[in-house]
Every structure is written in C-alpha cells, then in structure tokens.
Amino acid sequence: MEIITISPFLDYFEKIRSRTMGLVACIPPAEVEWRCKEGKFTLGDLARHITAVERNVFAELVAGGRNRYAGCGRELADGYDQVVRFMERMHSESMAIFSRLSDEDLGRKCSAVDGTLITTWKLLRSMTEHEIHHRGELYAYLGILGVSVPPLYGLTSEQVQEIAARAK
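Now for a quick tour of the structure.

Basis of the calculations
- Residues numbered from 1 in each chain as written.
- Predicted model: local features only at pLDDT ≥ 70, side-chain atom pairs only at ≥ 80, totals over all residues.
- Heavy atoms only, no water.
- Core = buried A, V, L, I, M, F, W, Y, C linked by side-chain atoms within 4.5 Å.
- Buried < 20%, exposed > 50% of the residue type's maximum accessible area, 1.4 Å probe, protein only.
- Helix = DSSP H or I, 4+ residues; strand = E, 2+ residues; numbered from the N terminus.
- Contact = heavy atoms within 4.5 Å.
- Phe/Tyr/Trp six-rings, centres within 6.5 Å; stacked < 30°, edge-to-face > 60°.

This paragraph deals with the nonpolar core. If you look at the biggest cluster of nonpolar residues, it comprises 23 residues, and the most contacted ones within it are Val-24, Ile-27, Leu-43, Leu-138 and Leu-142. Contributions of two or more residues to this core are made by helix H1 (6–24), helix H2 (43–62), helix H3 (80–99) and helix H4 (120–144). With 6 residues, the single largest contributor to this core is H3. Excluding its chain neighbours within four sequence positions, the residues that come into contact with Leu-138 are Leu-23, Val-24, Ile-27, Leu-43, Leu-46 and Ile-50. With 22 residues, the next largest nonpolar core counts Ile-3, Ala-59, Val-62 and Met-95 among its residues.

With that out of the way, let us pick up the side chain of Asp-45. The residue Asp-45 is located in helix H2 in this model. Excluding residues that lie within four positions of it along the chain, Asp-45 makes contacts with Glu-33, Arg-35, Cys-72 and Gly-73.

Taken as a whole and judged by the stated rule, the model has 3 aromatic pairs. With 6.0 Å between their ring centres and 10 degrees between their planes, Phe-9 and Phe-13 make a pair best called stacked. Taken together, the residues Phe-9 and Phe-13, both in helix H1 and 4 residues apart, mark about one turn of the helix. Here Phe-9 and Phe-13 have matching classes, each one buried. When the ring of Trp-34 is compared with that of Tyr-141, the centres are 5.9 Å apart and the planes differ by 80 degrees; the resulting orientation is edge-to-face. With Trp-34 in the loop between H1 and H2 and Tyr-141 in helix H4, this pair connects stretches of sequence that are 107 residues apart. Accessibility expressed as a relative area gives 8% for Tyr-141, which makes it buried. Through pairs of rings, three or more aromatic residues link up here, namely Phe-9, Phe-13 and Phe-98.

Take a look at the structure:
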C-alpha cells in the first residue's frame, strides 16, 4: 500500500490506534506488568513500547529528527492508569507531528531507524505494521490470561463460520 495523501492516512492510523486502545482497555489493571515468560515484554511494556516507538522513533524521524527510543520500562508510566495516559499523550504528540506533513512530504526521504534513507510514506507504513504486530502479542497474552477480548472487526471466528454455514 502506497500512502500518497496524508489526511486519509491519519484517519486510518487513528482507527488502528483505536483498536489498540480497545484492547489495552481489556488489560486487568492488576496484570499490567504480567509477562508470559522471563525476557518477554509485560503487557505494560507492550503498551508503552507501541507508543514510545511511535513518538520517539517514527514521529521524530519524519520530522527530520533522530531515533530517541530509550526503552519501554515502568519509569515511563507505572500502573495501568498511567500507562493509558502515557499512550494518549504520546499519541497526541505524534499525531500533531504527522498532521504537519504535506502530501509532498510523503515522497521525500527521511532517516530510518538505522540511519539509512527511506521514503517517508514507507516509514509511516512500517509504523502501522509495528503497532499491529505488537497488538497481536497483546491479544495472545490476554488469551493466555483468559481475558475476554473484543473481536477485531465486530465478529468472532465462530460467528464468521456460522454465517458461512447458513449461506450453504
């Protein structure tokens, strides 16, 4: 998918974040620092990571800055409510930066995480893929905990299967 105009992308990305926040809302506050095994992100780490990378990597790079990612630990936001507020604040800052991009800016080169050059729209596309990847981890971890989560697009797998069976 090529991003050629900024406005529809911003709308799309807000929908991506809305689905992520709907899932974050399912995290039991007492389990925010639960991890599936040692060495893996906690649920809180995943939430902080998604938004810290969005703001401190992607927003910085498209604005002509440098990668400022310094981790996703509890020092950024400790406790469920603080994690949600951190995500909201960082996303708001990122969207303010992204909204200043022009359609022409999307075609210009900017630095990638490793300092190589990349077309801006390709960097933005990778940002959405990054968030979706980690949202998938949140789904899996919440499933391990037995937490009920919302279906991604309104229907569960079982409901889709039932609809298909009725159509025969």
